[in-house]
Amino acid sequence: MSNKFRMRDNENVSMSDMAFSVSDRRNFYPSLAAIAAMLVAAALGYLWLPRADVPLPLVEGCRLDRQVCSAALPGGGRVEMALEPRPVPTSSPMRVVVAVEGAQPDGVVVDFQGVDMNMGLHRLPLIAVNGRHVGETTLPVCVTGRMVWQATVMLEMGRKNITVPFRFESGH
Ligand SMILES: [Cu+2]
């Protein structure tokens with residue numbers, strides 16, 4: 001039976017009875033909508049929250065074109081990086097190997113940038129193979145023949161991006 005029908009049948013329904021049933025319904029649906037809106041906002045907030053960048057200082061006293069270099073990670077563990085072959089070739093492919101000890105990154109990316117010269121940004125996503133992260137790339141040929149590069153390893157750990165800059169020279 002609809003409300004309209006019932007009201008016509010029962011003319012003496014009081015205003016306070018009506019007010020009660022209407023406000024009851026008005027309170028119920030907005031609170032459900034508010035909860036749903038909060039859940040949606042929380043989900044979007046989680047997705048859109050910027051990842052926290054954790055930049056580590058430059059790894060000094062170690063050149064990737066001469067040796068394997070490593071750095072301690074905040075919260076334990078180590079990251080080790082190697083370029084192959086050594087010395088590093090400029091116009092033929094080189095292999096990049098990153099090993100992470102005591103931590104499990106979701107992804108590993110290496111950015112190559114010229115230190116004294118703008119050579120553009122070369123981003124190399126690595127692939128997980130047998131517990132290590134590997135990739136292959138060819139550095140652009142430098143007009144000066146020899147230059148210093150920075151290889152910044154980015155480890156995606158949960159909601160953190162830990163970056164570790166290493167240095168090397170190319171073109172010997
Ligand atoms: Cu250059």
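From a predicted model like this one, the values you see are computed outputs, not experimental measurements.

A. Main features of the nonpolar core. Judged by nonpolar contacts, the single largest core of 27 residues is most densely connected at Val79, Val98, Ala151, Val153, Leu155 and Phe166. Elements with a minimum of two residues in this core: β3 (78–84), β4 (94–101), β5 (107–114), β9 (147–157) and β10 (160–170). With 6 residues, the top contributor of residues to this core is β9.

B. How the structure looks around the sheet that holds β3. Read from one edge to the other, the open sheet built from 5 strands follows the order β2-β3-β4-β8-β7, with strand pairing classed as antiparallel. The open sheet terminates on both sides in strands that have one partner only, identified here as β2 (69–72) and β7 (127–129). Strand after strand, the sheet turns through a mean of 25° between neighbouring axes, direction not considered. Of the pairings in the sheet, the one linking β3 to β4 comprises 7 bridges and is antiparallel in character. When the bridges of β4 are listed, Arg78 appears paired with Glu101.

C. Structural detail: the pairing of β5. Where β5 lies against β9, 8 bridges are found, and the strand directions are antiparallel. Bridge pairing in β9 links Val109 to Met154. Bridge analysis of β5 against strand β6 (residues 122–125) gives 4 bridges, and the strand direction is antiparallel. Counted as the bridge partner of Val110 is Leu124 from β6.

D. Spotlight on the sheet that holds β10. Reading across from one edge, β1-β10-β9-β5-β6 is the order of the 5 strands in this open sheet, with mixed pairing throughout. A strand with exactly one partner marks an edge of an open sheet, and here the two such strands are β1 (52–55) and β6. With direction set aside, neighbouring strand axes in the sheet form an average angle of 25°. Bridge count between β9 and β10: 11 bridges; the pairing is antiparallel. Residue pairing in the sheet places Leu155 in a bridge with Ile162 of β10.

E. Looking closely at the pairing of strand β8 (residues 132–137). Bridge analysis of β4 against β8 gives 6 bridges, and the strand direction is antiparallel. Within the sheet, the bridge partner assigned to Ala99 lies in β8 and is Arg132. The pairing of β7 with β8 spans 3 bridges and is classified as antiparallel. Bridging from a neighbouring strand, Ala128 pairs with His133 of β8. In this antiparallel pair of consecutive strands, β7 and β8, the connection spans 2 residues, and Asn130 shows a positive phi of 50°.

Cut-offs and rules
For every chain, the first residue of its written sequence is number 1, and the numbers climb from 1 along that sequence. Two thresholds apply to this predicted model, a pLDDT of at least 70 for residue-level local features and 80 or more for giving and counting side-chain atom pairs, whereas whole-chain, interface and lining totals are computed over all residues. Definition of nonpolar core: a set of buried Ala, Val, Leu, Ile, Met, Phe, Trp, Tyr and Cys residues joined via C-beta atoms within 7 Å. Exposure criterion: with C-beta atoms placed from backbone coordinates, a residue whose C-beta has 20 or more other C-beta atoms within 10 Å is buried, one with 12 or fewer is exposed, and one in between is partly exposed. Strands are runs of DSSP state E lasting at least two residues, helices are runs of H or I lasting at least four, and both sets are numbered from the N terminus onward. Strands were regarded as paired on the criterion that DSSP finds at least two bridges between them. For every element, the axis is a line fit to its C-alpha atoms; helices are fit only across the contacting stretch, and the angle between N-to-C directions ranges from 0 to 180 degrees.

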